[in-house]
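# Coordinates in review
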Amino acid sequence: MNNLNDRLQQVRLEVAEAERQFGREPGSVKLLAVSKTQKAADVLALAQLGVSDFGENYVQEARAKIGQLSGNSLTWHFIGPIQSNKTRQIAEHFDWVHSVDRIRVAERLNAARSPDLPPLNICIQVNVDAESTKSGVGPDEVEQLAEQILPLPRLKLRGLMALPAPTNDFAEQRRGFLRTRRLQEQLMDKGYRLDTLSMGTTNDMRAAVAEGATIIRIGTALFGPRTR
Ligand SMILES: *Cc1c(COP(=O)(O)O)cnc(C)c1O
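Residues numbered from 1 in each chain as written. Predicted model: local features only at pLDDT ≥ 70, side-chain atom pairs only at ≥ 80, totals over all residues. Heavy atoms only, no water.

Looking at where alanine 207 falls in the secondary structure, it is placed in helix H8 (residues 205–210). When its relative accessible area of 0% is taken as the criterion, alanine 207 is described as buried. (Helix = DSSP H or I, 4+ residues; strand = E, 2+ residues; numbered from the N terminus. Buried < 20%, exposed > 50% of the residue type's maximum accessible area, 1.4 Å probe, protein only.)

Structure representation (structure tokens):
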């Protein structure tokens, strides 16, 4: 608990410092705590320290935690690769999905989202490095997917998500995030009303803040190294 508190304060300091350094509005970068593989008790501890948003990659694991922690009014984000047969559960239990990269998944999420819930917040995952092994749509396909998602009434398109290839080179980190921001700007020039750039993890959050991230997805820096 002390450890969690120390790490959280450290991350908050680094984010505030990056906001200052890169001319971002103070408090304009939201911290999404990536709690995959972490215990519900640790999520609760962070929630009690003021963290409201949590990211999960595995539906089964997430459902158990979401159930245990209901009543804490947390916001849950699905950030992992999406299997078509999991779309119903994702639509039922999450508030956001950051990893939409094909229309079939978007349609299934839309069909499964209950009219009793607010529309599901959606980010299109962009593969800015065009690495064939990773999920995400290629930069050339983003606009077409946005066009297809826009009319789906139970989804609300909020922006783009990127997970560029890991590198320790700050300038290179920035390039991947800059490409993502440019794609977002192109969409906005075409009239899309977007407010979210989900980019930056423990290793590259400063570069992401520099390039306009509005949500950073932080696991290791908050919870320590994952053991599984
Ligand atoms: C695991 C994960 C993160 C968190 O990464 P850390 O390096 O632990 O901060 C962020 N985004 C996605 C999509 C992830 O799967």
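There's plenty left to go through after this.
Let us look at the site of the ligand. Neighbouring the ligand are the residues Val34, Lys36, Asn57, Ile79, Leu163, Thr201, Thr202, Arg217, Ile218, Gly219, Thr220 and Arg226. For the ligand, an oxygen atom lies 2.7 Å from a polar atom in the side chain of asparagine 57. One of the side-chain nitrogen or oxygen atoms of threonine 202 is found 2.5 Å away from an oxygen atom of the ligand. For the ligand, whose free accessible area comes to 390 Å², the fraction covered by protein is 87%. The cavity where the ligand resides is the largest pocket. (Near = heavy atom within 4 Å. Polar contact = N/O pair within 3.5 Å; in protein donor to acceptor, adjacent residues only side chain to side chain. Areas by Shrake-Rupley, 256 points an atom, 1.4 Å probe, with all protein chains shown as cover. 1 Å grid on protein atoms, 1.4 Å probe; cavity = no way out; pocket = protein on both sides within 12 Å on 5 of 7 lines; lining within 4 Å. Sits in = over half its atoms within 2 Å of the grid points.)

Checked against the element boundaries, arginine 113 lands in the loop between helix H5 (103–112) and strand E5 (120–126). When sequence neighbours within four positions are dropped, the list of residues in contact with arginine 113 reads Ala91, Phe94, Asp95, Pro118, Pro119, Leu120 and Arg154. (Contact = heavy atoms within 4.5 Å.)

A separate point is the layout of surface pockets. Here the largest pocket is characterised by a volume of approximately 450 Å³. In terms of lining, the largest pocket is formed by 25 residues, of which the most central are Lys36, Leu163, Thr201, Arg217 and Arg226. Here the lining of the largest pocket is composed, by residue class, of 10 nonpolar, 10 polar and five charged. In this structure, the second largest pocket occupies an estimated 150 Å³ of space. In terms of lining residues, the second largest pocket is bounded by Arg12, Val15, Val29, Lys30, Leu31, Gly50, Val51 and Ser52. A breakdown of the residues in the lining of the second largest pocket according to their chemical character gives four nonpolar, two polar and two charged. (Points joined across faces, edges and corners; volume = space filled by probe spheres on them. Nonpolar A, V, L, I, M, F, W, Y, C, P; charged D, E, K, R; others polar.)

With that out of the way, let us pick up the packing of aromatic side chains. This structure, assessed with the given rule, holds three aromatic pairs. In this structure, arginine 206 packs its charged tip against the face of phenylalanine 170, placed 4.8 Å from the ring centre. (Phe/Tyr/Trp six-rings, centres within 6.5 Å; stacked < 30°, edge-to-face > 60°. Lys NZ or Arg CZ within 6 Å of the ring centre and 35° of its normal.)

Attention now moves to the pairing of strand E7 (residues 196–199). Residue alternation in E7 divides its side chains into two sets, Thr196 and Ser198 and Leu197 and Met199, and both sets are buried. As judged from the four bridges shared by strand E6 (residues 155–162) and E7, these two strands associate in the parallel manner. Bridge pairing in E7 places leucine 160 opposite leucine 197. As a crossover connection, the stretch from E6 through helix H7 (residues 170–189) into E7 is right-handed. (Pairing = 2+ DSSP bridges. Right-handed = clockwise from strand over helix to strand, strands pointing away.)

What follows covers the environment of arginine 206. Along the polypeptide, arginine 206 turns up in helix H8. Note on arginine 206: relative accessible area 37%, which makes it partly exposed. Excluding residues that lie within four positions of it along the chain, arginine 206 makes contacts with Ala18, Gln21, Phe22 and Phe170.

The subject of this paragraph is helix H3 (residues 59–68). Within H3, burial applies to Val59, Glu61, Ala62, Lys65 and Ile66. Angular distribution of buried residues about the axis of H3 spans 155 degrees; they occupy a single face of the element. Those residues of H3 that are exposed and angled more than 90 degrees off the buried face are Gln60 and Gln68. Against the buried residues of H3 lie helix H2 (40–48), strand E2 (53–56), strand E3 (75–78) and helix H4 (87–93). (Arc of directions from axis to C-beta.)

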